[in-house]
Amino acid sequence: MKDAFGLPQSLLVLGGTSEIALATVRRLVARRTRTVWLAGRPSPALDAAAGQLRGLGAEVRTVAFDALDPEGHEAALGKVFAEGDIDLVLLAFGILGDQAHDEREPLNAVRVAQTNYTGAVSAGLVAARSLQAQGHGSLVVLSSVAGERARRANFIYGSSKAGLDTFAQGLGDALHGTGVHVMVVRPGFVRSRMTEGMAEAPLATTPEAVATAIELGLRRRSETVWVPGALRVVMSAVRHLPRAVFRRLPV
Amino acid sequence: MSADTVPDADWGTVTGWGRTAPTAALLVRPRTYEEAAVAVRDCGARGGIARGLGRAYGDAAQNAGGAVLDMTALDRVHAVDVAGGTVLCDAGVSLHRLMEVLLPLGWFVPVTPGTRYVTVGGAIGADIHGKNHHVSGSFTRHVVSLELLTADGRVRTVAPGTPLFDATAGGMGLTGVILTATLRLQPVETALMSVDTERAGDLDDLMARLTATDHRYRYSVAWIDLLARGRATGRAVLTRGDHAPLDALPARSRARHAPLAFRTSRLPATPDFLPGGLLSRTTVGLFNEVWYRKAPRESRGRLQRIATFFHPLDGVPHWNRVYGRGGFVQYQFVVGHGREEALRRIVRRISARRCPSFLAVLKRFGAADPGWLSFPVPGWTLALDIPAGLPGLGAFLDELDEEVADAGGRVYLAKDSRLRPELLAAMYPRLDDFRTLRAELDPRGVFVSDLARRLAL
């Protein structure tokens with residue numbers, strides 16, 4: 001069960017090798033979390049992540065999960081929920097793709113969309129049903145500021161996050177009053193493996209900062225969390241810029 | 001009424017009085033014992049838990065995804081033995097209702113907490129205490145017998161001195177649903193209290209006064225200003241007294257005319273939505289300063305109504321909303337006699353941390369009662385409310401828990417919403433007995449609550 005500060009005792013991470021997710025799990029294990037499920041494609045990286053968390057004192061198990069295989073989501077998540085309550089599901093999988101390359105190879109672009117959006121729709125709905133049945137729990141969805149406004153540099157990724165974001169907001173409204181809390185997290189540019197070698201955007205942040213913001217959001221039962229918080233104001237302005245102006249901005 | 005009448009039921013979200021950690025449950029409202037039995041029989045895989053008036057601060061009367069049995073429709077007072085001083089009533093009867101019925105007959109509830117709006121079932125489940133603990137012990141000491149609906153659908157009569165009684169007293173509703181109870185009452189001549197008030201300049205002064213003179217009073221409590229620092233750390237107002245005898249009332253007064261009339265007053269309810277942060281260090285500091293200064297340096301034998309003396313907050317319905325949407329946690333712990341140093345350390349830490357708490361109460365407990373998970377043990381207990389949104393509060397209270405556990409003390413489960421489960425066994429040495437009895441009595445785990453899940457009770 002979550003405590004009065006929204007801190008979970010058991011976690012399920014969808015996308016168990018995500019750096020942001022693991023930073024969040026480390027933070028929560030230092031508080032109340034004792035049981036962690038890492039869901040992802042079986043890989044040495046997944047096992048290494050599990051081993052590292054065990055070293056912090058958590059009871060960690062892995063489960064095979066592939067965002068691109070929605071047919072398998074019920075079975076994978078069903079296995080986890082059959083073992084006991086899950087207080088928090090962290091939906092953290094996603095790929096950035098290579099915009100220039102993907103524009104030329106539409107099937108690659110589709111893969112980005114299927115991972116980030118279709119896979120999340122399936123996994124999110126399956127997780128939501130299980131959480132609703134247990135009458136409590138949080139679903140934390142890692143969205144992105146990229147979904148707020150299409151940018152020339154990453155609109156394929158951005159559009160998939162826009163879809164995910166809208167889906168998660170609607171799911172949060174659908175679950176209002178069921179004891180289940182949905183929180184959409186919109187980080188800006190996060191310094192991580194995903195963005196390695198890329199030019200840093202203004203207000204860049206770290207996985208640890210996102211983890212801190214998630215813990216605060218859980219305590220406040222927030223519905224939307226921007227990381228860093230200043231992005232809420234910045235993006236509000238950006239959203240209202242005329243297209244002709246936005247197109248010319250060096251972003 | 002046939003045994004299969006289905007009780008009212010509706011899904012809804014539930015929180016404790018602190019309004020943190022909401023969860024959804026099927027709210028079932030049995031109107032008869034048979035309906036309660038049906039509700040327990042049909043409560044499904046995620047079990048059920050009885051709920052009274054929802055004054056437990058944390059998650060003791062919540063059951064995510066399962067059933068919550070609202071017992072307040074079972075609220076009959078069956079019989080009062082006016083000569084012998086006992087009452088037989090349903091578990092859903094509130095202490096407020098009991099006072100309305102009993103005071104005109106010259107009897108008072110044996111133990112009352114800081115609110116009248118708790119049910120008899122809840123009072124037994126939490127084994128509540130009052131300002132008279134050092135004299136009268138906790139609530140279940142005054143229970144002559146009770147009827148318990150257990151997981152197998154049977155109704156058992158449970159008497160003190162049996163393991164089932166000791167597991168149920170303070171057992172947080174996890175042994176079954178209490179249906180009725182017979183209570184031994186306290187005789188009174190009037191519905192007024194004779195109250196002595198004095199100020200203590202600091203914590204040591206306060207503890208010395210309580211230690212030296214507590215035995216002279218039936219009721220005793222101290223309000224502490226936890227925002228006071230330096231030499232004033234732990235300054236307090238002591239309020240102590242007893243039921244006023246008839247000859248203490250002024251002649252020809254209205255009170256003399258109807259000495260046993262139970263009078264209360266209620267202000268309009270607190271609005272449903274208030275912004276968080278109303279209770280900041282500044283506002284609470286100001287309140288505490290005024291509260292301390294306005295208390296008389298010393299006053300003797302002042303007459304007060306029962307409601308004013310015992311239940312000042314009951315005059316403000318839904319006062320818990322003052323803490324805003326984020327809610328609040330109440331932290332109450334006890335450390336034994338001889339562990340005063342731990343108490344001093346904790347009070348100093350809370351003062352240094354500047355927690356905005358305007359309800360901080362210190363009292364001395366007397367002898368413990370046998371409930372396995374019953375909270376009171378002889379020693380010092382401090383209770384305080386803190387807004388849940390205070391940054392770093394969780395980690396800070398974890399540190400206080402360590403101090404409490406190291407001193408052999410414990411925190412109160414009826415108020416808990418955040419204890420680290422690993423500390424529970426150290427705080428409650430009879431926890432294993434409790435778990436064993438529950439496993440035998442309720443092998444399918446029919447009775448369960450969010451508290452039970454969180455702390456693995």
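For the structure, see preceding data.
Scope of this entry: the structure provided in the associated data block. (Residues numbered from 1 in each chain as written. Chains lettered and ligands numbered in written order. Predicted model: local features only at pLDDT ≥ 70, side-chain atom pairs only at ≥ 80, totals over all residues. Heavy atoms only, no water.)

1. Notes on the overall build of chain A
Line of reasoning, step 1. The helix and strand tally for chain A stands at 9 helices and 7 strands.
Line of reasoning, step 2. Over its C-alpha trace chain A gives a radius of gyration of 17 Å, about what one expects of a compact globule, namely 18 Å for 251 residues.
Line of reasoning, step 3. Here the C-alpha coordinates of chain A stretch approximately 55 × 35 × 35 Å along the principal axes.
Line of reasoning, step 4. Sorting the 251 residues of chain A into buried and exposed places 53% on the buried side.
Line of reasoning, step 5. As displayed, chain A has an accessible area near 11,100 Å², and 55% of this comes from carbon and sulfur atoms. (Helix = DSSP H or I, 4+ residues; strand = E, 2+ residues; numbered from the N terminus. Rg over C-alpha atoms; globule rule 2.2 N^0.38 Å. Buried < 20%, exposed > 50% of the residue type's maximum accessible area, 1.4 Å probe, protein only. Areas by Shrake-Rupley, 256 points an atom, 1.4 Å probe, with all protein chains shown as cover.)

2. So, the sheet that holds strand E18 (residues 379-387) of chain B
Residues and elements named next belong to chain B.
Line of reasoning, step 1. Within the open sheet, the 8 strands sit side by side as E15-E12-E14-E13-E17-E18-E16-E19. Their pairing is antiparallel. Only two strands of the sheet have a single neighbouring strand rather than two, namely strand E15 (298-305) and strand E19 (410-411).
Line of reasoning, step 2. Where helix H6 (residues 203-213) meets the sheet, its contacts fall on strand E12 (192-200), strand E13 (219-224), strand E14 (236-243), strand E17 (360-365) and E18, and the angle it forms with E14 comes to roughly 15 degrees.
Line of reasoning, step 3. The strands touched by helix H11 (residues 393-406) are strand E16 (328-336), E18 and E19; relative to E16, the strand with the most contacts, the crossing angle is about 15 degrees. (Pairing = 2+ DSSP bridges. Contact = heavy atoms within 4.5 Å. Axes fitted to C-alpha atoms, helices over the stretch in contact; angles between N-to-C directions.)

3. Points about a nonpolar patch on the surface
All names here are of chain A.
Line of reasoning, step 1. A cluster of nonpolar side chains, contributed by Val245, Leu249 and Val251, occupies part of the molecular surface with about 220 Å² of accessible area.
Line of reasoning, step 2. Summarising the element assignment, Val245 is placed in helix H9 (residues 243-248).
Line of reasoning, step 3. Using a relative accessible area of 39% as the deciding quantity, one classes Val245 as partly exposed. (Patch = residues over 30% accessible without salt bridge, like charges linked within 9 Å, V, L, I, M, F, W, Y side chains within 5 Å. Salt bridge = Lys/Arg side-chain N within 4 Å of Asp/Glu carboxyl O.)

4. Some details on the interface of chain B and chain A
Line of reasoning, step 1. Between chain B and chain A, the residue contacts involve 30 residues of the former and 19 residues of the latter.
Line of reasoning, step 2. Summing both partners gives a buried area of about 1,900 Å² for chain B against chain A, and 51% of it is carried by carbon and sulfur.
Line of reasoning, step 3. The largest per-residue losses of area from chain B upon contact with chain A belong to Arg46, Arg325 and Arg454 of chain B, which jointly make up 21% of the total buried on that side.
Line of reasoning, step 4. Our count for the chain B to chain A interface comes out at 3 salt bridges.
Line of reasoning, step 5. Across the pair Arg46 of chain B and Asp85 of chain A runs a salt bridge whose closest N-O atoms are separated by 2.8 Å.
Line of reasoning, step 6. One can count 12 residue pairs in polar contact (both at pLDDT 80 or more) joining chain B with chain A.
Line of reasoning, step 7. For the side of chain B that touches chain A, the secondary structure elements donating two or more residues are strand E2 (23-29), H11 and helix H14 (450-455) of chain B.
Line of reasoning, step 8. Tallying contributions element by element places H11 of chain B first for the side of chain B that touches chain A, with 4 residues.
Line of reasoning, step 9. Its residues assigned to classes, the side of chain B that touches chain A comprises 12 nonpolar, 8 polar and 10 charged. (Buried area = accessible area lost by both parts, 1.4 Å probe. Polar contact = N/O pair within 3.5 Å; in protein donor to acceptor, adjacent residues only side chain to side chain. Nonpolar A, V, L, I, M, F, W, Y, C, P; charged D, E, K, R; others polar.)

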